[in-house]
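# A structural walkthrough
Okay, here's what each chain looks like letter by letter:
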Amino acid sequence: MTLVNVSEVFLQCEHPFYKDVEVQSLEVNCVLYSSATSYQCNIQLPTLNWDQMLHQISIELIRLRSYEWLQQQ
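The structure reproduced in this document is the subject of the present report. (Residues numbered from 1 in each chain as written. Predicted model: local features only at pLDDT ≥ 70, side-chain atom pairs only at ≥ 80, totals over all residues. Heavy atoms only, no water.)

## Some words on the nonpolar core
One finds Val9, Phe10, Leu32, Ile43, Leu45 and Ile57 to be the most contacted residues of the largest nonpolar core, which totals 17 residues. The contacts of phenylalanine 10, once residues within four sequence positions are left out, are His15, Pro16, Tyr18, Cys30, Leu32, Ile43, Leu45 and Ile57. (Core = buried A, V, L, I, M, F, W, Y, C linked by side-chain atoms within 4.5 Å. Buried < 20%, exposed > 50% of the residue type's maximum accessible area, 1.4 Å probe, protein only. Contact = heavy atoms within 4.5 Å.)

## Side note on the side chain of glutamate 60
Position of glutamate 60 among the secondary structure elements: in helix α2 (residues 50-72). Given a relative accessible area of 5%, glutamate 60 falls into the buried group. Aside from chain neighbours lying at most four places away, what touches glutamate 60 is Leu32, Tyr39, Cys41 and Ile43. (Helix = DSSP H or I, 4+ residues; strand = E, 2+ residues; numbered from the N terminus.)

## Focus on the pattern of salt bridges
Any two side chains of opposite charge can pair, on the condition that their charged atoms come close. The tally for this structure, following the rule as stated, stands at two salt bridges. Glutamate 60 is the salt-bridge partner of arginine 63, the closest N and O atoms lying 2.9 Å from each other. Here the residue arginine 63 and the residue glutamate 60 both occupy positions in helix α2, the gap between them amounting to three residues, near one helical turn. Arginine 63 sits in the partly exposed class, given a relative accessible area of 46%. A salt bridge links glutamate 68 to arginine 65; its shortest N-O distance comes to 2.8 Å. (Salt bridge = Lys/Arg side-chain N within 4 Å of Asp/Glu carboxyl O.)

## Regarding the sheet that holds strand β1 (residues 18-23)
If you walk across this open sheet you meet the three strands as β1-β2-β3, and the pairing is antiparallel. For this open sheet the edge positions go to β1 and β3 (40-46), each flanked by a neighbour on one side alone. Pairwise comparison of adjacent strand axes, ignoring direction, gives a mean angle of 15° for this sheet. Bridge analysis of β1 against strand β2 (residues 27-33) gives four bridges, and the strand direction is antiparallel. (Pairing = 2+ DSSP bridges. Axes fitted to C-alpha atoms, helices over the stretch in contact; angles between N-to-C directions.)

Next up, the structure:
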């Protein structure tokens, strides 16, 4: 897993907003954040399976979008 792979998976989820990426042998640690609110979340992504990475990011994006929606109410 490289930084390019991490970028690709985030772009595939249509959310390029992440920072502080740390690639380890079995996981990637990074901070997912919102460009519209103060939301930030540390996430760990498994590096062995592309589909699991997409799934985990999708779950975290649902949480982020829910928070953004609540802040707009």
